[in-house]
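The primary structure of each chain is shown beneath.
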Amino acid sequence: MIRLPNILNGRLYCSHPSASSQPPNNKLFVAGLSWSVDEKSLNDAFSTFGQVTEVRIMYDKETGRSRGFGFVHFSKDEEANCAKDAMDGKAFLGRPLRVSFALEKVRGAPVVVPRLTGVGNGDK
DNA sequence: CTTGAGCGT
């Protein structure tokens, strides 16, 4: 029987004010996953510590298998810090889990291209 | 029946 901590009670049992080297983002980088782990498994595992808003696992576009790492978005940064401090270093599906804060890596983000309106010689 | 550090469209 799985006993879930009453996190919805507004009281996180893992609210440890541990000083983080990096600014706690609500985005967590989860690695060390097994090649058989799916998003729903991580969602169920990380939703135990907080409100998971997004779970993305990177899969290979050639073989279709999981790359072994993914990303978990939380509703609050404190929940992410809690889940990180709780699941980091722990074993998940037979493999040691490695959780850390995700970097601000965005490739598909639409960069605002400054349109040269009236700049320079708009004539001709 | 494959591998094992990492940072995403």
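Cut-offs applied
Residues numbered from 1 in each chain as written. Chains lettered and ligands numbered in written order. Predicted model: local features only at pLDDT ≥ 70, side-chain atom pairs only at ≥ 80, totals over all residues. Heavy atoms only, no water. Near = heavy atom within 4 Å. Polar contact = N/O pair within 3.5 Å; in protein donor to acceptor, adjacent residues only side chain to side chain. Helix = DSSP H or I, 4+ residues; strand = E, 2+ residues; numbered from the N terminus. Phe/Tyr/Trp six-rings, centres within 6.5 Å; stacked < 30°, edge-to-face > 60°. Buried < 20%, exposed > 50% of the residue type's maximum accessible area, 1.4 Å probe, protein only. Pairing = 2+ DSSP bridges. Axes fitted to C-alpha atoms, helices over the stretch in contact; angles between N-to-C directions. Contact = heavy atoms within 4.5 Å. Arc of directions from axis to C-beta.

An unreviewed UniProt entry lists chain A under the name Glycine-rich rna-binding protein 4, mitochondrial, with Nicotiana attenuata given as the organism.

Engineer: I'd love a proper account of the protein's contact with DNA strand B, names of residues and values included.
Structural biologist: Lining the immediate surroundings of DNA strand B are 23 residues, of which Leu-33, Trp-35, Arg-65, Arg-67 and Lys-105 lie closest. Here, DNA strand B places atoms within 4 Å of the protein, and 26% of those atoms are sugar or phosphate. One of the side-chain nitrogen or oxygen atoms of Arg-95 is found 3.3 Å away from a base nitrogen of DNA strand B. Listing elements by their share of the surface near DNA strand B, those giving two or more residues are β1 (27-31), β2 (52-59), β3 (66-74) and β6 (98-101).

Engineer: Which residues make up unusual backbone geometry, and what are the values?
Structural biologist: Backbone geometry places Leu-93, a non-glycine residue, at a positive phi of 60°. With respect to the element layout, Leu-93 can be found in the loop between β4 (91-92) and β5 (95-96).

Engineer: Which residues make up the packing of aromatic side chains, and what values go with them?
Structural biologist: Tallying each qualifying case throughout the model produces four aromatic pairs. Between Phe-29 and Phe-71, the ring centres sit 5.4 Å apart and the planes meet at 55°, which makes this aromatic pair tilted. Of this pair, Phe-29 sits in strand β1 while Phe-71 is found in strand β3, placing the two residues 42 residues apart along the sequence. Overall, the relative accessible area of 25% leaves Phe-29 in the partly exposed class.

Engineer: Hey, could you go over the sheet that holds β2 for me, with residue numbers and the actual values?
Structural biologist: A sheet is described by the order of its strands in space; here four strands give the open sequence β2-β3-β1-β6, paired in antiparallel fashion. The open sheet has two edge strands, β2 and β6, and neither has a second partner. Here the average twist between neighbouring strands, direction ignored, is 20°. The pairing of β2 with β3 spans six bridges and is classified as antiparallel. Across the sheet, residue Ile-57 finds its bridge partner in β3, namely Gly-70. Its contacts with the sheet put helix α1 (residues 39-46) on β1, β2, β3 and β6, and the angle it makes with β2 is roughly 145°. Contacts between helix α2 (residues 77-87) and the sheet are confined to β1, β3 and β6, with β6 contributing the most and set at about 150° to the helix.

Engineer: Which residues make up α1, and what are the values?
Structural biologist: Within α1, burial applies to Leu-42, Ala-45 and Phe-46. For α1, the angular spread of the buried residues around the axis is 85°, confining them to a single face. Exposed side of α1, more than 90 degrees from the buried face: Lys-40 and Asp-44 are the residues found there. Residues of α1 that are buried sit in contact with β1, β2, β3, α2, β4 and β6.

Engineer: Requested: an account of α2, with residues and values cited.
Structural biologist: For α2, the complete set of buried residues consists of Glu-79, Ala-80, Asn-81, Cys-82, Ala-83, Lys-84 and Met-87. Summarising the contacts, the buried residues of α2 are in contact with β1, α1, β3, β4 and β6. Taken from the residues just after α2, Gly-89 is the one with a positive phi, measuring 95°.

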